[in-house]
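# A look at the structure
Okay, here's what each chain looks like letter by letter:
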Amino acid sequence: MNKNIKLLHEIAGKKTKTIIGLMSGTSLDGLDIALCKVTDSGLKTNIQLLQFTTVLYDHVFKKAVKSIFSKDVVSLQKLCLLNEWIGSQHAIMINNCLRDWKIKNEEIDLIASHGQTIYHAPKSLHKLDAFDNATLQIGDGDHIAMHTGIITVSDFRQKHIAAGGEGAPLALYGDYLLCSKKGENRILLNIGGIANFTFLGANADASKIYSTDIGPGNILMDMYVQKKYTHIFFDENAAIALQGNENNALLEALLEHSFFNEPFPKTTGPELFNFAFLQKAMEKSNTNHLNMFDVMATLNTFSATVIMESLKPLLNLPNLTIYCSGGGTHNPLLVKKLKETMPNIVFKTTQSLGIHPDAKEAILFALLANEAISGEGINFGNNQPSVSMGKISFAY
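Notes on the structure follow. Worth saying up front: this structure is predicted, and the values here are computed from it rather than measured.

The computed volume of the second largest pocket comes to approximately 490 Å³. Contributing to the lining of the second largest pocket are 16 residues, with Lys66, Phe69, Met223, Gln226 and Lys227 lying nearest its centre. Secondary-structure elements contributing two or more residues to the lining of the second largest pocket are α8 (219-228) and α10 (275-284). The greatest single-element share of the lining of the second largest pocket, amounting to five residues, is contributed by α8. Classifying every residue of the lining of the second largest pocket by side-chain character gives seven nonpolar, five polar and four charged.

Right, here's the structure in full:
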């Protein structure tokens, strides 16, 4: 037997594994690194977060990724080079964290890498008859494995698409395994660059749950701030938005896009919701004269409105709780607006479920890696592909 296969077989048979989950989102702020202790698999899964940090990307990293991020035309040479380079850079970040945590690389069973999304192209967006859904994440898993000496599971979204999904959101798999509870209807709301939610019914039936993207979370606010400031990347504590007043004409223009009328589940990204999207809405509503404070106040309301409208069909369910995670949970104005528009709903963060709100997505990929090598599969019915995801890269 090949020694790599033998090692993988041994790891797959372990009741408890130590797995590093990685997440790098559309905000390009940094790499989330979650060191997890994972016991069992499937509905018996238990995950303990041992360490968590976000390694902030420097200007060089951000500039390199932005040169090919969410663009129709890029340099193939640059794309090719960055695939390997990002994998190697992520490996360096992992090695540094393990050294700081005083943990040896050989103590880690697996690395689960989401990679860096460069382009997301569901058919609902590209509308080309000859092609189906597609997505591309770079940051080669082989480079991570070779430079850390740890088996790496990566490129999770491709299997989801190959099985008929859109490649996103993948939160449903982890949310079901870790957060379902009979007798309580739960919404797991993640407010990242793109907001998404998973609905977990009180009957805990896997075939009845679903997960979907909603639309902009932080992405338009972050992009607008970065256009206006050189060294500010997001509206910390909503300090900018709080100085402005929302503009109804601009808000209505933003909400007119057909994406918001499409049925669930659906997926989207910065290929649709970008600075050009905002500019088009401002031109249509004759609001190019607005100061940046009013624009930010409107974008904040836009995100809150999109989220509330998406959740509206579920709000009359009994025993309903919304558990929030992601960067948007740190935006006090956005959270205030959500609570005001849904006054009868109980809001909590996923911390109350034992899941660090900022680490949730990195933890999810650690769980998906565990399922890829130790899981027995779950029947999600027609709502989501019932598949294990991830490609395996050996370290030697």
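Continuing now.
Next up on the list: the sheet that holds strand β9 (residues 210-216). Pairing is mixed in the open sheet, where five strands are placed in the order β9-β8-β7-β10-β11. The open sheet has two free edges, formed respectively by β9 and β11 (346-349), since each of these has just one partner strand. Averaged over all pairs of adjacent strands, the angle between strand axes in this sheet comes to 25 degrees, irrespective of strand direction. On top of the sheet, helix α11 (residues 292-311) reaches β7 (185-191), β8 (194-200), β9 and β10 (320-325); it is set at about 155 degrees to β9, its chief contact.

Once that is clear, we can look at unusual backbone geometry. In this structure, proline 169 follows alanine 168 across a cis peptide bond, with omega equal to -15 degrees. Inspection of the secondary structure assignment puts proline 169 in the loop between α6 (157-162) and α7 (171-179). With an omega dihedral of -10 degrees, the bond running from phenylalanine 264 to proline 265 counts as a cis peptide bond. Relative to the helices and strands, proline 265 resides in the loop between α9 (248-255) and α10. Here the phi dihedral of lysine 127 falls at roughly 55 degrees; this positive angle occurs in a residue that is not glycine. Its location among the elements puts lysine 127 in the loop between α4 (123-126) and β5 (134-138). The class of lysine 127 is exposed, set by a relative accessible area of 59%. Positive phi, normally seen in glycine, also occurs at alanine 204, with a value near 55 degrees. The residue alanine 204 is located in the loop between β8 and β9 in this model.

Here the focus is the nonpolar core. If you look at the biggest cluster of nonpolar residues, it comprises 50 residues, and the most contacted ones within it are Ile187, Leu189, Phe197, Leu278, Leu299, Ile322 and Met342. Apart from the residues lying within four places of it in its own chain, the contact partners of leucine 299 are Leu220, Met221, Tyr224, Leu254 and Leu278. Ala362, Ile363, Leu367 and Phe380 belong to the second-largest nonpolar core, a separate cluster that totals 37 residues.

Burial analysis of strand β4 (residues 110-121) places 11 of its 12 residues in the buried class, which makes it a mostly covered element. Where strand β1 (residues 16-24) lies against β4, five bridges are found, and the strand directions are parallel. Bridged to isoleucine 19 within β4 is leucine 110. As judged from the three bridges shared by β4 and strand β6 (residues 152-154), these two strands associate in the parallel manner. Bridge assignment links isoleucine 111 to a residue of β6, and that residue is threonine 152.

Along the chain, phenylalanine 293 falls in helix α11. Separated by 83 residues in sequence, phenylalanine 293 and glutamate 376 place their C-alpha atoms 51 Å apart. Among all residues touching phenylalanine 293, those that are not within four sequence positions of it are Ile240, Ala241, Gln243, Gly244 and Asn245.

A few words now on the pattern of salt bridges. For the coordinates displayed, the defined rule picks out 10 salt bridges. Across the pair glutamate 184 and arginine 186 runs a salt bridge whose closest N-O atoms are separated by 2.7 Å. For the pair glutamate 184 and arginine 186, one class covers both residues: buried. Across the salt bridge formed by lysine 312 and glutamate 309, the nearest N and O atoms sit 3.2 Å from each other. Under the relative-accessibility criterion, lysine 312 is labelled partly exposed at 40%.

For strand β2 (residues 30-39), the buried fraction is high: nine of the 10 residues fall into the buried class. Pairing between β1 and β2: eight bridges, direction antiparallel. Within β2, the position partnered with glycine 21 by the bridge is alanine 34. Where β1 folds back onto β2 in an antiparallel hairpin, the turn is made up of five residues, including leucine 28, whose phi is positive at roughly 55 degrees. Judged from the 10 bridges that link them, β2 and strand β3 (residues 46-56) form a sheet pairing that is antiparallel.

Rules used throughout
- Residues numbered from 1 in each chain as written.
- Predicted model: local features only at pLDDT ≥ 70, side-chain atom pairs only at ≥ 80, totals over all residues.
- Heavy atoms only, no water.
- 1 Å grid on protein atoms, 1.4 Å probe; cavity = no way out; pocket = protein on both sides within 12 Å on 5 of 7 lines; lining within 4 Å.
- Points joined across faces, edges and corners; volume = space filled by probe spheres on them.
- Helix = DSSP H or I, 4+ residues; strand = E, 2+ residues; numbered from the N terminus.
- Nonpolar A, V, L, I, M, F, W, Y, C, P; charged D, E, K, R; others polar.
- Pairing = 2+ DSSP bridges.
- Axes fitted to C-alpha atoms, helices over the stretch in contact; angles between N-to-C directions.
- Contact = heavy atoms within 4.5 Å.
- Buried < 20%, exposed > 50% of the residue type's maximum accessible area, 1.4 Å probe, protein only.
- Core = buried A, V, L, I, M, F, W, Y, C linked by side-chain atoms within 4.5 Å.
- Salt bridge = Lys/Arg side-chain N within 4 Å of Asp/Glu carboxyl O.

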